[in-house]
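Chain by chain, the residues:
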Amino acid sequence: MAITFSDLHTESGLKALDQHLSGKSYVSGNQITKDDIKVYAAVLEKPGDSFPNASNWYAAVSSQLAPSFPGKAVGVRVGGKGAAVEAAAPAQAAAAGDEDDDLDLFGDETEDDKKAAEEREAAKKQSAKKKESGKSSVLLDVKPWDDETDMKKLEEAVRSIQMPGLLWGASKLVPVGYGIKKLQILLTIVDDLVSVDSLIEEHLTVEPCSEYIQSCDIVAFNKI
């Protein structure tokens, strides 16, 4: 509820204020509200003894506002007149208990705010994890079924396996005895994207690669 007075710079205006405050401690009742702050801003100085109610009210409001806000700033109008205004702190406004003001002056964090903050934090962690994801260099032995296995097609089958985070490198054929040769091949993997064990068990040693490949062994595994 807004309280306005015709002209608080005049005797008639102060008289109206004094009459309004009869039997009251503050403009809107028994506790300070934003109405008191606005009216206080329009009163240039403490009313004289001829306005006892207004004088006592002014002193009471001053005692609560002055310690935190010793000065007055221009900007607010009361009753249509330009006036200096007391800068009210959020804590003072909350203490005023204005029933018409539903604004959360303290900005309490809601459940939605907490959820959004948690999601942002999770996204940051995930982003950091991706940036820190390492790579590894792997040397793999790929063994054929026998000496009649077409090693060219075996290598083509190996390199046909493509997936994010996997890069095939140099290769060579290495004799293992009895006319049998094995394929030794380098590969580079992104650790978070490719598992070498899964690569072997789910791709290299199952159809169609298993037509040429008997088994695979990890010879060397080094972090890059």
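A brief look at the structure comes next. Values in this document were obtained by computation on a predicted structure and should not be read as measured data.

## Description of the side chain of D36
Now for step 1: Its place among the elements puts D36 in helix 2 (residues 34-42).
Now for step 2: Buried charge without a partner: D36 forms no salt bridge, and the closest opposite charge is K24, 9.4 Å away.
Now for step 3: Of note is the side chain of D36, whose polar atom sits 2.8 Å from the backbone nitrogen of V27.
Now for step 4: Of note is the side chain of D36, whose polar atom sits 2.7 Å from the side chain of W57.
Now for step 5: Those residues in contact with D36 that sit more than four places away from it in its chain are Y26, V27, S28, Q31, W57 and V61.

## Some details on unusual backbone geometry
Now for step 1: Residue P208 is reached from E207 by a cis peptide bond, and omega for that bond is 5 degrees.
Now for step 2: The residue P208 is located in the loop between helix 7 (196-204) and strand 6 (213-223) in this model.
Now for step 3: Even without being glycine, Y178 reaches a positive phi, approximately 55 degrees.

## Structural notes on the nonpolar core
Now for step 1: Judged by nonpolar contacts, the single largest core of 23 residues is most densely connected at V142, V158 and L204.
Now for step 2: Put simply, the parts of the chain that give this core at least two residues each are strand 3 (135-144), helix 6 (151-159), strand 4 (166-177), strand 5 (180-190), helix 7 and strand 6.
Now for step 3: When neighbours within four sequence positions are excluded, V158 is seen to be in contact with V142, W168, L183, I185, L204 and I213.

## Some words on the packing of aromatic side chains
Now for step 1: Counting across every chain of the model gives three aromatic pairs.
Now for step 2: Judged by centre distance (4.8 Å) and plane angle (35 degrees), the rings of Y40 and Y58 are tilted. With Y40 in helix 2 and Y58 in helix 3 (residues 52-65), this residue pair connects regions lying 18 residues apart in the sequence.
Now for step 3: Look at Y40 and you get buried, because its relative accessible area is 6%.
Now for step 4: Relative accessible area serves as the criterion here: at 9%, Y58 is assigned to the buried category.
Now for step 5: Among the aromatic residues, those joined into a ring-pair cluster are Y40, W57 and Y58.

Reading guide: rules and limits
- Residues numbered from 1 in each chain as written.
- Predicted model: local features only at pLDDT ≥ 70, side-chain atom pairs only at ≥ 80, totals over all residues.
- Heavy atoms only, no water.
- Helix = DSSP H or I, 4+ residues; strand = E, 2+ residues; numbered from the N terminus.
- Buried < 20%, exposed > 50% of the residue type's maximum accessible area, 1.4 Å probe, protein only.
- Lys, Arg positive; Asp, Glu negative; His and termini not counted.
- Salt bridge = Lys/Arg side-chain N within 4 Å of Asp/Glu carboxyl O.
- Polar contact = N/O pair within 3.5 Å; in protein donor to acceptor, adjacent residues only side chain to side chain.
- Contact = heavy atoms within 4.5 Å.
- Core = buried A, V, L, I, M, F, W, Y, C linked by side-chain atoms within 4.5 Å.
- Phe/Tyr/Trp six-rings, centres within 6.5 Å; stacked < 30°, edge-to-face > 60°.

Worth remembering: the numbers are spatial, not functional.
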